[in-house]
Amino acid sequence: MSKRLPTKSSSQNVQDKSLFVSDIFSSIQGEGKNLGKPSLFLRLGICNLQCTWCDTPYTWKKGQTDYKQQTIESIFKKLLNLKKESNNERVRSLKPRTSLAKQPFLPPHGIQNLVITGGEPLLQQTSLTPLLQEIFRSKEFNQKEFKKTKTSKNITVEFETNGSIPLLPAFKKAFKKQLENGTISFNISPKLKDSGNKPYKLQLYPNSILKFVYVDKNSEKLILDFLKKHQVEIAKNSKQSRGALQKQHPLAKNPPVYIMAEGTTIKEMEKKYSAILKFCMENGFQFTPRWHIYLFGNKRAT
Ligand code: SF4
């Protein structure tokens, strides 16, 4: 277990070839546009914000941190093994809350979606670059063996980010193609006043959705004010990434806005659902549950 944040004095070489990792696991994406999709998850340590209701404090909170430095090579191997193996055994060991989660969920060609989350994963984009390059190069992650349909199936990568860290020029250069064709996408969850953080400059990325946490009725005004304040840059960004987004989600507005209840138990979240649904219908937003909590409860690495 590491309790230290990396410092500037850490060797750049070591950092370039390793990442601070809290968890690597496979599960079902429980929220947002890929809800229900079997996915690999890489949860990175370290965050630049401090949300009062954060459900992953072990990625950043003093006294609770739990992440280790792992080499790119070992992370790649772990992801590949998870992609290939059936995770039914693991799912059973988690004692899922519903029989739904006991069904096998390994797709015929292995898991094809990688969620990179945190913490704030874009803090480590320099070290993520060689890992993603390796993944996009790898035959195992990019199959061309759908014999019947003669189609290829490549890995997609989804970042879960708070939208405060700009993409570095080197990252944009390395993944120009994937950022253009939508292979890399971003779930931006801006943290508003009700998260306890100071306002920060919003970063927008290609192929993004916006996902807001609904804490209570006051969140409605905060969300609407936020969207109004950023409407020009959001519209500009949407126009730029319209092609790739709509290829993935033909019915998607640009960018789709999702609303999700704050809470770590079903009871806590369900108390907010009727207000959230009304808010969504009035404003053309989409509701997203946090399905993993229904399947597994608030367990780490699910
Ligand atoms: S941005 Fe995310 S990981 Fe960071 S403190 Fe907030 S909820 Fe937690």
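Conventions and cut-offs
All residue numbers here refer to positions counted from 1 along the written sequence of the relevant chain. In view of the model being predicted, local features appear only for residues whose pLDDT reaches at least 70, and side-chain atom pairs are presented and counted only at 80 or more, with totals across whole chains, interfaces and linings using the full set of residues. We count a stretch as a helix when DSSP gives it H or I for four or more residues in a row; a strand needs E for two or more, and each element gets its number in order from the N terminus. Comment: burial labels come from other C-beta atoms within 10 Å of the residue's own C-beta, placed from the backbone, where a count of 20 or more is buried, 12 or fewer is exposed, and between is partly exposed. Each residue is represented by a C-beta atom placed from its backbone, and any two residues with such atoms within 7 Å are regarded as in contact. Each nonpolar core consists of buried Ala, Val, Leu, Ile, Met, Phe, Trp, Tyr and Cys residues. Their C-beta atoms, within 7 Å, join them into a set. As used in this record, a residue near a molecule or strand is one whose C-beta atom, placed from the backbone, is within 6 Å of it. By the convention adopted, Pro, Cys, Tyr, Trp, Phe, Met, Ile, Leu, Val and Ala count as nonpolar, Lys, Arg, Asp and Glu as charged, and the other residues, Gly among them, as polar. DSSP-based pairing: two strands are paired if at least 2 bridges between them are found. Angles here are taken between N-to-C directions and fall from 0 to 180 degrees, while the axes themselves are lines fitted to C-alpha atoms, restricted in helices to the stretch in contact. Oblique is the label for any angle not under 35 degrees, not over 145, and not in the 65 to 115 range, which are roughly parallel, roughly antiparallel and roughly perpendicular in turn. Crossings are sorted by hand: turned counterclockwise from the far helix by less than a right angle, the near helix makes the crossing left-handed, and turned clockwise it makes it right-handed. A residue's pLDDT is simply how confident the predictor is in it, with values from 0 to 100. Helix span, expected: 1.5 Å multiplied by one less than the number of residues in the helix. Taking the helix axis as origin, the arc is that swept by the directions to the C-beta atoms. For a crossover, the right-handed case is the one in which the path from the first strand over the helix to the second runs clockwise, viewed with the strands pointing away from the viewer.

## What about the overall build of the protein?
In terms of regular secondary structure, the protein is built from 11 helices and 11 strands. Buried positions account for 36% of the 302 residues belonging to the protein. Excluding contacts between residues fewer than 6 apart, the proportion of contacts in the protein whose partners are at least 24 apart in sequence is 74%.

## Let's talk about unusual backbone geometry
In this structure, the amide linkage connecting Gly118 to the following residue, Gly119, adopts the cis form with an omega of 15°. Even without being glycine, Ile46 reaches a positive phi, approximately 85°. Looking at where Ile46 falls in the secondary structure, it is placed in the loop between β2 (38–44) and β3 (68–71). Phi is positive for Asn207, which is not a glycine, with a value near 55°. Here Asn207 falls in the buried class, since 29 other C-beta atoms lie within 10 Å of it.

## Quick word on the nonpolar core
If you look at the biggest cluster of nonpolar residues, it comprises 50 residues, and the most contacted ones within it are Leu42, Leu114, Ile116 and Ile259. Excluding residues within four positions of it along the chain, Leu42 makes contact with Val21, Ile24, Ile75, Leu79, Leu114 and Ile116.

## A few points about the site of the ligand
Lining the immediate environment of the ligand, one finds 13 residues, of which Cys47, Leu49, Cys51, Cys54 and Asn162 sit closest. Along the lines of polarity and charge, the residues of the shell around the ligand split into 5 nonpolar, 6 polar and 2 charged.

## Some details on the environment of Lys191
Tracing the backbone through its elements, the reader meets Lys191 in the loop between β8 (184–188) and β9 (208–214). Separated by 27 residues in sequence, Lys191 and Ser164 have C-alpha atoms that sit 9.2 Å apart. The residues touching Lys191, leaving out its near neighbours within four places in the chain, are Leu49, Cys51, Asn162 and Asn197.

## Looking at the sheet that holds strand β1 (residues 18–28)
Hydrogen bonding along the main chain pairs the strands of a sheet, whether they run parallel or antiparallel. Strand order in the open sheet formed by 9 strands is β3-β1-β2-β4-β7-β8-β9-β10-β11, and the pairing between neighbours is mixed. Strand pairing shows two members of the sheet lacking a second neighbour, β3 and β11 (286–287), which therefore form its edges. The pairing of β1 with β2 spans 7 bridges and is antiparallel. Counted as the bridge partner of Ser27 is Ser39 from β2. Contacts from helix α2 (residues 72–84) reach β1, β2, β3 and β4 (113–117) within the one sheet, and its direction differs from that of β1 by about 5°.

## Concerning the packing of α2 against helix α4 (residues 125–137)
Relative orientation of the contacting elements α2 and α4 amounts to 40°, with a least axis distance of 10 Å. When the axis of α2 is compared with that of α4, the two are oblique. The element α2 and its partner α4 pack so that their crossing is right-handed. Across from Ile72, Ile75 and Phe76 in α2, the residues of α4 making contact are Pro130, Leu131, Glu134 and Ile135. Residue composition of the contact of α2 with α4, by class: 6 nonpolar, no polar and 1 charged.

## Remarks on the confidence of the model for the protein
Per-chain confidence: the protein averages 84 in pLDDT, with 78% of residues scoring 70 or above. pLDDT under 50 marks residues 1–14. Its contacts with residues more than four places away, or in other chains, come to 11 contacts.

## Let's talk about α2
Over its 13 residues, α2 runs 18 Å from end to end, which matches the ideal 18 Å to within 8%, given 1.5 Å per residue. Of the residues making up α2, those classed as buried are Ile75, Leu79, Leu82 and Lys83. For α2, the buried positions fall inside an angular range of 105° around the axis, keeping them on one side. Away from its buried face, by an angle of more than 90 degrees, α2 presents the exposed residues Lys77, Asn81 and Lys84. Each element contacted by the buried residues of α2 is listed here: β1, β2, β3, β4 and α4.

## Some details on the pairing of strand β10 (residues 257–261)
Extensive coverage of β10 is indicated by the burial of 4 of its 5 residues. Taken together, the 5 bridges between β9 and β10 define a ladder with parallel strand orientation. Across the sheet, residue Leu210 finds its bridge partner in β10, namely Val257. One ladder, built from 2 bridges, connects β10 with β11; its direction is parallel. Its bridge partner being in β11, Tyr258 is matched across the sheet by Gln286. A crossover connection joins β10 to the parallel β11 through helix α10 (residues 266–283); in handedness this β-α-β unit is right-handed.

## Considerations on the pairing of strand β7 (residues 156–161)
The buried count for β7 comes to 5 of 6 residues, which makes it a mostly enclosed element. In this sheet, β7 lies alongside β4 in parallel orientation, the contact comprising 4 bridges. Pairing of Asn113 across the sheet is with Thr156, part of β7. Relative to β8, β7 runs parallel, the two being bridged by 5 bridges. Across the sheet, the residue bridging to Thr161 is Ile188, located in β8.

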